[in-house]
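Listed here are the chains, written in short residue letters.
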Amino acid sequence: MPLKVYDDAYFMRQAIAQAEMAAAAGEIPVGAIVTSNDRIIARGHNQTEQLSDVTAHAEIIALTAAANHLGDKYLHDCTLYVTLEPCPMCAGALAWSQVSRIVYGASDDKRGFMRFGRELLHPKTKLEYGILHEECSALMTTFFQNKR
């Protein structure tokens, strides 16, 4: 039986599931997964409140888990799917990890790395965005509406 090839929407839905876990825990609803060879090798969601750690962003947690899974600090041939545009801190970590591809759902006009330019990423990293944008944006909108 041939291996099933998943698409970007499938993997973004997996990241959305992580974001929903973050929201249920009272965290800003950002979720991330890392794939290699069409398989999820790591998952993460925001845990800054739970861990009292400002660096416990979904992307950082997923990168650490992926590096542990692979036994290598470089994530060549890996894709990070994240529900929200990474911040500059996470973009730096993504650059250092040399992740091959980043796919994000919703833009972050206030704190996203694109305000500073794509140059924050590794030059070989491919970037795609807008995958399930509405669903990813709704997570953030709903979360902050409920906070008010």
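Keep in mind that this is a model prediction, so the values were computed, not measured. By convention here, each chain's residues receive numbers from 1 onward along its written sequence. Owing to the predicted nature of the model, reporting of local features is limited to residues with pLDDT of at least 70; listing and counting of side-chain atom pairs is limited to 80 or more, with chain, interface and lining totals taken over all residues. Side-chain figures throughout are based on the complete set of non-hydrogen atoms in the structure, without hydrogens or water.

S.K.: I tried to follow the overall build of the protein chain on my own but got confused; where do I start?
M.R.: Labels follow the DSSP assignment, with helices taken as runs of H or I lasting at least four residues and strands as runs of E lasting at least two, numbered in each case from the N terminus. Broken down by element type, the protein chain carries five helices and five strands. Walking the protein chain from its N terminus toward its C terminus, one meets helices and strands in the order α-β-β-α-α-β-α-β-β-α. Just to be clear, the radius of gyration here is over C-alpha atoms, and the globule rule we use is 2.2 Å times residues to the power 0.38. Against the compact-globule benchmark of 15 Å for 148 residues, the protein chain has a radius of gyration of 14 Å, which places it among compact chains. Principal-axis analysis of the C-alpha atoms gives the protein chain an extent of 45 × 40 × 30 Å. Type-normalised accessible area, obtained with a 1.4 Å probe on protein chains alone, sets the label of each residue: buried when under 20%, exposed when over 50%, and partly exposed for intermediate values. Here the protein chain holds 148 residues, and the buried ones make up 46% of them. Counted over contacts in the protein chain with a minimum sequence separation of 6, partners at least 24 positions apart contribute 58%. Residue-level accessible areas treat just the shown protein chains as cover; the underlying method is Shrake-Rupley with a 1.4 Å probe. Working note: accessible area of the protein chain is about 8,200 Å², and carbon and sulfur atoms make up 52% of it. Charged-residue counts in this description rest on Lys and Arg as positive and Asp and Glu as negative, His and the chain ends being excluded. Just so you know, the charge point we use is NZ for Lys, CZ for Arg, CG for Asp and CD for Glu. Distance between charge centres in the protein chain, computed from 14 positive and 17 negative side chains, equals 1 Å. Contacts were defined at the residue level, with two residues in contact if any of their heavy atoms lie within 4.5 Å.

S.K.: It is not clear to me how the side chain of threonine 79 should be interpreted in this structure. Could you clarify?
M.R.: Examined against the element boundaries, threonine 79 turns out to sit in strand S3 (residues 78-84). Assessed through its relative accessible area of 10%, threonine 79 is described here as buried. When near neighbours in sequence (up to four residues on either side) are disregarded, threonine 79 contacts Ile33, Val34, Thr35, Val99, Arg101 and Val103.

S.K.: Just to check I follow, could you spell out the layout of surface pockets for this structure?
M.R.: With a probe scaled to a water molecule rolled over the atoms, the places where space remains empty come into view. Space inside the largest pocket adds up to approximately 710 Å³. Taken together, 25 residues make up the lining of the largest pocket; nearest its centre are Ile28, Leu84, Asp108, Met140 and Phe144. Counting only elements with at least two residues in the lining of the largest pocket, the list comes to helix H2 (48-51) and helix H5 (133-147). The dominant element in the lining of the largest pocket, judged by the number of residues it contributes, is H5, at four residues. Its residues assigned to classes, the lining of the largest pocket comprises nine nonpolar, seven polar and nine charged. By volume, the second largest pocket amounts to about 170 Å³. In this analysis the probe radius is 1.4 Å and the grid spacing 1 Å, with only protein atoms considered; a cavity is a set of points the probe fits into but cannot get out of, a pocket is an open set with protein on both sides within 12 Å along at least five of seven lines, and lining residues have an atom within 4 Å of a point. If you trace the second largest pocket, you find 13 residues lining it, with Asp77, Cys78, Thr79, Ser100 and Arg101 closest to the centre. Note that Gly is not counted as nonpolar here; it falls among the polar residues with everything else outside the nonpolar set of Ala, Val, Leu, Ile, Met, Phe, Trp, Tyr, Cys and Pro and the charged set of Asp, Glu, Lys and Arg. Looking at the lining of the second largest pocket, its residues break down into three nonpolar, five polar and five charged. Grid points are joined across faces, edges and corners, and a volume is the space filled by probe spheres set on the points.

S.K.: What am I meant to see in the pattern of salt bridges here?
M.R.: Two side chains bearing opposite charge may form a pair once their charged atoms approach each other closely. Only one rule defines a salt bridge in this text: a Lys or Arg side-chain nitrogen within 4 Å of an Asp or Glu carboxyl oxygen. Enumeration according to the criterion identifies two salt bridges in this entry. Between aspartate 8 and arginine 101 there is a salt bridge, and its shortest N-O distance comes to 2.6 Å. Taken as a pair, aspartate 8 in helix H1 (residues 8-24) and arginine 101 in strand S4 (residues 101-106) lie far apart in primary sequence, 93 residues in all. When salt bridges that share partners are traced, they join Asp8, Arg101 and Glu128 into one network.

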